[in-house]
Amino acid sequence: MPVPAATSDPVEPLHGRGRPVAWRRWVVARSVVVTVAAAVGVIVLYVLAVRTGVGQRFDDAVVIGRFEQRSWFRWSVVVRLTRRSDLPLLAGAAVAFGWAVWRRRYPQAVAAFVVIGGSFATTEILKKLVLPRPLLTTTHPFNSYPSGHTTVAVAVAVGLILVAPQRWRGRVGVVVGVLATLVANGTLAIGWHRPSDAIGACMVVLAWTGATVAGLVLVGAASRSEGARARQLSRGTWVLAALCVACGIPGVWQLGDLLRRLRDPSLLATEELKHLYNTADLLVLASVTGAVAIALVLLQGVTLDRWGAPGGARPPIG
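Rules and cut-offs
Residues numbered from 1 in each chain as written. Predicted model: local features only at pLDDT ≥ 70, side-chain atom pairs only at ≥ 80, totals over all residues. Heavy atoms only, no water. Phe/Tyr/Trp six-rings, centres within 6.5 Å; stacked < 30°, edge-to-face > 60°. Lys NZ or Arg CZ within 6 Å of the ring centre and 35° of its normal. 1 Å grid on protein atoms, 1.4 Å probe; cavity = no way out; pocket = protein on both sides within 12 Å on 5 of 7 lines; lining within 4 Å. Points joined across faces, edges and corners; volume = space filled by probe spheres on them. Helix = DSSP H or I, 4+ residues; strand = E, 2+ residues; numbered from the N terminus. Nonpolar A, V, L, I, M, F, W, Y, C, P; charged D, E, K, R; others polar. Expected span 1.5 Å × (residues − 1). Buried < 20%, exposed > 50% of the residue type's maximum accessible area, 1.4 Å probe, protein only. Core = buried A, V, L, I, M, F, W, Y, C linked by side-chain atoms within 4.5 Å. Contact = heavy atoms within 4.5 Å. pLDDT = per-residue confidence, 0-100. Axes fitted to C-alpha atoms, helices over the stretch in contact; angles between N-to-C directions. Left-handed = near helix turned anticlockwise from the far one by under 90°. Salt bridge = Lys/Arg side-chain N within 4 Å of Asp/Glu carboxyl O. Polar contact = N/O pair within 3.5 Å; in protein donor to acceptor, adjacent residues only side chain to side chain.

(A) Here's a closer look at the packing of aromatic side chains. This structure, assessed with the given rule, holds 3 aromatic pairs. Geometry around W168 places R171 over its ring, the cationic atom sitting 4.8 Å from the centre.

(B) Main features of the layout of surface pockets. Here the second largest pocket defines a volume of roughly 410 Å³. For the lining of the second largest pocket, the secondary structure elements donating two or more residues are helix 1 (19-50), helix 2 (53-68), helix 9 (195-218), helix 10 (235-259) and helix 11 (270-298). Tallied by class, residues from the lining of the second largest pocket come to 12 nonpolar, 4 polar and 1 charged.

(C) A look at helix 7 (residues 148-163). Helix length check: helix 7, at 16 residues, gives a terminal C-alpha distance of 22 Å against a target of 22 Å (1.5 Å per residue), a fit within 8%. Within helix 7, 15 of the 16 residues are buried, which leaves it mostly tucked inside the rest of the structure.

(D) Representation of empty space enclosed by the protein within the structure. Applying the stated criterion to the full structure yields 1 cavity of 30 Å³ or more. Considered as a void within the structure, the largest cavity measures approximately 30 Å³ in volume. If you go around the largest cavity, the residues you meet are V62, V63, R66, L188, G191, H193 and Y277. Element by element, the count of residues in the lining of the largest cavity is highest for helix 2, at 3 residues.

(E) Layout of the nonpolar core. Core analysis: the biggest nonpolar cluster contains 73 residues, and Y145, V154, L162, V284 and V288 have the highest contact counts within it. Setting aside chain neighbours within four positions, we find Y145 in contact with G41, V42, L45, Y46, V50, L126, K127, L131, R133, S196, D197 and G200.

(F) Structural view of the confidence of the model for the protein. Residues at a pLDDT of 70 or more form 76% of the protein, whose mean pLDDT is 80. Contacts for the low-pLDDT stretch residues 5-18, under 50 throughout, to residues beyond four places or in other chains number 24 contacts. Here residues 307-318 is a poorly scored stretch, pLDDT under 50, and it has 27 contacts once near neighbours within four places are set aside; other chains count.

(G) Structural detail: unusual backbone geometry. Here the bond from Y145 into P146 is cis, since omega is -5°, no more than 30 degrees from zero. By the secondary structure assignment, P146 is in the loop between helix 6 (106-130) and helix 7.

(H) Quick peek at the packing of helix 7 against helix 9. Close contact between helix 7 and helix 9 brings their axes to 8 Å; oriented N to C, the two are set at 35°. As for the relative orientation of helix 7 and helix 9, their crossing is right-handed in sense. Here T150, T151, V154, A155 and V158 of helix 7 come into contact with helix 9, specifically with A198, A201, C202, V205 and T209. Taken together, the residues of the contact of helix 7 with helix 9 sort by class into 7 nonpolar, 3 polar and no charged.

(I) Spotlight on the pattern of salt bridges. If you walk through the whole model with that rule in mind, you get 2 salt bridges. One salt bridge connects K128 with E124, and the closest N-O pair in it is separated by 3.1 Å. Taken together, the residues span about one helical turn, with K128 and E124 both in helix 6 at a distance of 4 residues. The network of salt bridges with shared partners includes E124, K127 and K128.

(J) View of the environment of R194. Tracing the chain through its elements places R194 in the loop between helix 8 (169-190) and helix 9. According to the relative accessible area criterion, R194 is buried, its value standing at 1%. Along the chain, R194 and N143 lie 51 residues apart, while their C-alpha atoms are 9.9 Å from each other. A polar side-chain atom of R194 sits 2.6 Å from a polar atom in the side chain of S144.

(K) Molecular detail of the environment of V42. Take V42: it is sitting in helix 1. When its relative accessible area of 6% is taken as the criterion, V42 is described as buried. The sequence separation of V42 and P146 amounts to 104 residues, and the corresponding C-alpha distance is 8.5 Å.

What follows is the structure in structure tokens.
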């Protein structure tokens, strides 16, 4: 009986040898790094923003600055969208799950469900049971870290990217990233959340995204994309990364200058409070767009198989 010729099929099982195994190890490694870094970031940000006086003063000053900006955003599209965001966010989650199931892309459906459900559950547990807000210098004692609305908005954005056809991921990422940014910044404008809440929510979603991508690869539900073009970063990824950098650099630069004058927020002039609020807006915008861009990077060159078989068996849709 003739011996079958060796193959370079990119969906070779994980226990095989060669390039596919090296690719899987690389994808799992970068996903684990993102997961661990995001999880650590959630705790570090909590300690700095919630457990220190300067962190609470910064959040309070942003809240005060929000009132100074009220004439600008009271009837803005951002606020209206955020106040009515519950139903669209639920609809987005349903679309992500339903679209994948209808196309028999069951690994994609499971991945979207895990990212959205896991992120929201983690946020609620952290906020209500694990991470209390001590009364240090805050004049607004309600506990709000991390933000539930921002968590769902960013998680739904990632879920829609997961179920989108691979060639459309970048375009979908830009659209859902912008919408998630509007919701996240809207929670600041309305006064539902502090800037640290929204940034922490982005890291919660990133942790679940990294863990989900690593899990898909380890169980054989993902394979290496064929073709060099499919393995390149999409234009949407570059657009989101550029937005993150364009907003993040001036946000961090201005934050450093303002923190030196935050020993007593009451001494800040009105224009400085407005400036502080705008700085927080930039940091939140950078966090959301950065989180969506990283999700796209984690999925770079990754094809989510229809049936999840390690050998790539994909019976036709009948």
